[in-house]
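Spelled out, the chains give:
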Amino acid sequence: MYARVERALDMIRPAIRMDGGEVELISVEDGVARVRMVGACGGCPMSTMTLKMGIERAIRQQVPEVRAVEAV
C-alpha cells in the first residue's frame, strides 16, 4: 500500500512544487497515511487545506483503503 500511496503523491507533487513546497510520505499504517509538508508548505497557513482538499483526496481516489491522511 505504501508504494501505491507514493505513486498517488507523485501525481500531485508537480503542483505542490510549483508553489515551492514538497510532501514526503512518512508511513502508511492501519489505513492512515502520514505525510510531512516541507519547503514553502511547511509553514504555510494554507497547508491544512492543501493536505485535506488536495493531498488526501488524491490519495483516497487512488488508494481507497486509505481512510485518512495526517500531517506529522
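Residues numbered from 1 in each chain as written. Predicted model: local features only at pLDDT ≥ 70, side-chain atom pairs only at ≥ 80, totals over all residues. Heavy atoms only, no water.

Our next topic: the confidence of the model for the chain. Put simply, the chain has an average pLDDT of 91, and 100% of its residues get 70 or more. At the level of individual helices and strands, the chain shows its lowest average pLDDT in helix α2 (residues 47-62), which scores 89, and its highest in strand β1 (residues 21-29), which scores 95. (pLDDT = per-residue confidence, 0-100. Helix = DSSP H or I, 4+ residues; strand = E, 2+ residues; numbered from the N terminus.)

What follows deals with the pattern of salt bridges. Should their charged atoms come close, side chains of opposite charge can pair. In this structure the tally under the stated criterion is 9 salt bridges. The salt bridge involving Arg17 is made with Glu22; its shortest N-O contact spans 2.7 Å. Accessibility expressed as a relative area gives 47% for Arg17, which makes it partly exposed. Here the residues in one salt-bridge network are Glu6, Asp10, Arg13, Arg17 and Glu22, joined through shared partners. (Salt bridge = Lys/Arg side-chain N within 4 Å of Asp/Glu carboxyl O. Buried < 20%, exposed > 50% of the residue type's maximum accessible area, 1.4 Å probe, protein only.)

With that settled, consider helix α1 (residues 2-18). Here α1 spans 24 Å end to end across 17 residues, near enough to the 24 Å set by a 1.5 Å rise per residue. The largest bend in α1 comes to about 45 degrees, at Ile12, with the proline Pro14 one to four residues further on. Buried residues of α1: Val5, Ala8, Leu9, Ile12, Arg13 and Ile16, and no others. In this fold, the buried residues of α1 make contact with β1, β2 (32-39) and α2. (Expected span 1.5 Å × (residues − 1). Bend = angle between axes of the 7 residues up to and from the residue. Contact = heavy atoms within 4.5 Å.)

What follows is about unusual backbone geometry. Even without being a glycine, Asp30 presents a positive backbone phi close to 50 degrees. Residue classification places Asp30 among the exposed residues on the basis of a relative accessible area of 69%.

The end-to-end C-alpha distance of α2 is 21 Å, a good match for the 22 Å that 16 residues give at a rise of 1.5 Å each. In α2, a bend of some 30 degrees at Glu56 exceeds every other bend along the element. Of the positions making up α2, those classed as buried are Ser47, Leu51, Ile55, Glu56, Ala58 and Ile59.

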